[in-house]
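What the coordinates show
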Amino acid sequence: MRPRTSTEHPQAAVTSRVSAALAVGCTALLLALTACTGPSPASASASDGKNGDTPPPAQARTQAETVSTPVPRGTGSRVPYDFNGDGHRDLVIDDLVKAPEDSHGDDAGIGIVYGTGDRDRPLDPATRQLLSARANAAKSGDTLPAAFESEAACDLDRDGFTDLIVSTDPPYNGIGAPPVPLQILFGSPQGLTGKAVTLRIPQQARYGNEWPEQPVCGDFDGDGRADLAVTASAGQVTFLHGPFTRAGAPRSAELLPDGGPYLYAPEPRSDTDGDGYDDLVAAARPHAPGQAGKGTLLLGSAKGPARPGGAYAFTAENLPTAPLKTTGTTRTTLLNHGDYDGDKKPDTVVRTYRGERQDLIALYPAGTTDRPVVTFSTALFLP
Ligand SMILES: [Ca+2]
Ligand SMILES: [Ca+2]
Ligand SMILES: [Ca+2]
Ligand SMILES: [Ca+2]
């Protein structure tokens, strides 16, 4: 079996500078529209109590939160993490609380919460989707994978709907190169629905008998299209040039000699030196978002992340703790940094949890750590 890295979290947001620039333009347009129309009565009432100091406990959830509302249909955008293409950033949650009856450690799936145009409540927990291997994974032969974990998100086919890259656990008899465990679930006007496709890695871009893992999105070759970097054996990197077909194939692919067993996007900017090519960090050990860590920088270039950039250090962040009402010790992980409320500054989303049954997700606007504008428990995703 390949080593699972289930404690890791989705890669930090990585998008090309081109995408970011376009996103800014799109956001500005949306803000202008919002300013023109003003808040609707519906959005005003929906935001009532949004700044309450005491988030509702799971058992006191409102009807609006227990019933999932339809995902707003979008027409495509360049906003990162915009799976339904409506111009508002959405949230991926890889770790969900488990139901009391589920003590077998089954994968609870991946939760998606969709963004809104309401600056005061940029995520709407009522608008959500639960992704699972059973419902959304591609089969490997006749076998449906059991694992289904989010790894990275970017618009691989350039249709304006962000796509999700997930890792699965296809069967492997231990002989020869293992199958590719990575799958792509394409975004759409309805968000992330339907079946994923297996990522295709051309044979010449594979090396050795280790599982291709650790996908990192970025525009490493600077052509404005999202690419993927994936691990190969012996510290090599499989570099997949975007765009990708709906069948999961890259435009072209090659092996790069320098890398490491763990790959990450630099934080907070994926283009560390601002030359228009996203950069990559190779590490000898796993790195959790928001925590200190060390690695080697591989600078983007026309040939991909192939230029040595020297030592790289991830800086530890002081994360706010979501106001989870519980007794006992809690832990907090960084879910994502990104512009959820459309002010062009990166907000912070954390998950504070105790054990496998209690958690609270909290969204803090940029520069603040005291008053989350959105809080909810992932118990919302329980059947
Ligand atoms: Ca969206
Ligand atoms: Ca797409
Ligand atoms: Ca590219
Ligand atoms: Ca760069």
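Residues numbered from 1 in each chain as written. Chains lettered and ligands numbered in written order. Predicted model: local features only at pLDDT ≥ 70, side-chain atom pairs only at ≥ 80, totals over all residues. Heavy atoms only, no water.

Okay, the state of the cysteines next. Counted according to the given criterion, the structure contains one disulfide. Here Cys154 pairs with Cys217 through a disulfide, and the sulfurs are 2.1 Å apart. Disulfide Cys154-Cys217: torsion about the S-S bond near -70 degrees, hence left-handed. In this pair, Cys154 is assigned in strand β4 (residues 149–154) and Cys217 in strand β8 (residues 216–218), connecting sequence segments 63 residues apart. Residue Cys217 is classed as buried on the basis of its relative accessible area, which comes to 2%. (Disulfide = S-S within 2.5 Å. Helix = DSSP H or I, 4+ residues; strand = E, 2+ residues; numbered from the N terminus. Buried < 20%, exposed > 50% of the residue type's maximum accessible area, 1.4 Å probe, protein only.)

This part covers the sheet that holds strand β2 (residues 110–115). The antiparallel open sheet is built from three strands, whose spatial order is β1-β2-β3. The sheet is open, and its two edges are formed by β1 (91–93) and β3 (123–131), each paired on a single side. Between one strand axis and the next, the sheet turns through 25 degrees on average, direction left out of account. (Pairing = 2+ DSSP bridges. Axes fitted to C-alpha atoms, helices over the stretch in contact; angles between N-to-C directions.)

A few words on the side chain of Gln129. Of note, Gln129 is situated in strand β3. Looking at Gln129, its side chain comes within polar contact range of the side chain of Tyr114, at 2.3 Å. For Gln129, the residues in contact, after removing those within four places along its chain, are Val71, Ile110, Gly111, Ile112, Tyr114, Gln190, Gly191, Leu192, Thr193 and Phe381. (Polar contact = N/O pair within 3.5 Å; in protein donor to acceptor, adjacent residues only side chain to side chain. Contact = heavy atoms within 4.5 Å.)

For the rest of this paragraph, the subject is the pairing of strand β17 (residues 347–354). One face of the sheet, then the other: side chains in a regular strand alternate in exactly this way. In terms of burial, β17 is largely enclosed, as seven of its eight residues are buried. As paired elements, strand β16 (residues 331–338) and β17 share seven bridges and run antiparallel to each other. Residue Thr333 lies in a different strand from β17, and its bridge partner there is Arg351. Inspection of the sheet shows β17 paired to strand β18 (residues 358–364) by seven bridges, in the antiparallel sense. Each bridged residue has a counterpart across the sheet, and for Thr352 the counterpart in β18 is Leu360. What sits between the antiparallel neighbours β17 and β18 is a turn of three residues, in which Gly355 has the positive phi angle 60 degrees.

For the rest of this paragraph, the subject is the sheet that holds β16. The strand order across the open sheet formed by four strands is β16-β17-β18-β19, and the pairing between neighbours is antiparallel. Of all strands in the sheet, those bounded by a partner on one side alone are β16 and β19 (374–376). Mean inter-strand twist for the sheet, computed between neighbouring axes without regard to direction, equals 15 degrees. Across three bridges, the pairing between β18 and β19 is antiparallel. Bridge pairing in β19 places Ala362 opposite Thr375.

Further remarks concern the packing of aromatic side chains. Using the criterion set out here, one finds five aromatic pairs in the structure. Ring geometry for Tyr172 versus Trp211: centroids 5.3 Å apart, planes at 80 degrees, classification edge-to-face. With a gap of 39 residues between them, Tyr172 in the loop between β5 (163–167) and β6 (182–185) and Trp211 in the loop between β7 (197–198) and β8 connect regions that are remote in the sequence. Under the relative-accessibility criterion, Tyr172 is labelled partly exposed at 29%. Taking 6.0 Å as the distance between ring centres and 75 degrees as the angle between the ring planes, the aromatic pair formed by Phe220 and Phe239 counts as edge-to-face. In this pair, Phe220 is assigned in the loop between β8 and β9 (227–231) and Phe239 in strand β10 (residues 237–244), connecting sequence segments 19 residues apart. Each member of the pair, Phe220 as well as Phe239, is classed as buried. A cation over an aromatic ring shows up here: Arg89 above the ring of Tyr340, its NZ or CZ 5.1 Å from the ring centre. When the ring centre of Phe186 is taken as origin, the NZ or CZ atom of Arg246, which lies over that ring, is 4.3 Å away. (Phe/Tyr/Trp six-rings, centres within 6.5 Å; stacked < 30°, edge-to-face > 60°. Lys NZ or Arg CZ within 6 Å of the ring centre and 35° of its normal.)

Protein coordination at the calcium ion (ligand 4): the donors are Asp271 (OD), Asp273 (OD), Asp275 (OD), Tyr277 (O), Asp279 (OD) and Asp279 (OD), at 2.2 to 2.7 Å from the metal. For the calcium ion (ligand 4), the six donor atoms are set out with angles of 50 to 166 degrees between them, so the coordination reads as irregular. Donor residues for the calcium ion (ligand 4) sit on one chain with the sequence pattern D-x1-D-x1-D-x1-Y-x1-D. According to the relative accessible area criterion, Asp271 is buried, its value standing at 6%. (Donors = N, O, S within 2.8 Å, 3.2 Å for Na, K, Ca; no water. Tetrahedral: all angles 85-135°; square planar, octahedral: opposite > 155°, others 65-115°.)

Our next topic: the coordination of the calcium ion (ligand 2). Ligation of the calcium ion (ligand 2) by protein atoms is provided by Asp155 (OD), Asp157 (OD), Asp159 (OD), Phe161 (O), Asp163 (OD) and Asp163 (OD), these donors lying 2.2 to 2.5 Å from the ion. Here the calcium ion (ligand 2) binds six donor atoms, and the angle range of 53 to 165 degrees at the metal identifies the geometry as irregular. All donors of the calcium ion (ligand 2) belong to a single chain; written as a sequence motif, their spacing is D-x1-D-x1-D-x1-F-x1-D. Given a relative accessible area of 31%, Asp159 falls into the partly exposed group.

For the chain, mean pLDDT is 86; residues scoring 70 or higher make up 81% of the total. Contacts from residues 1–64, a stretch scored under 50 in pLDDT, to residues over four places away or in other chains number 98 contacts. (pLDDT = per-residue confidence, 0-100.)

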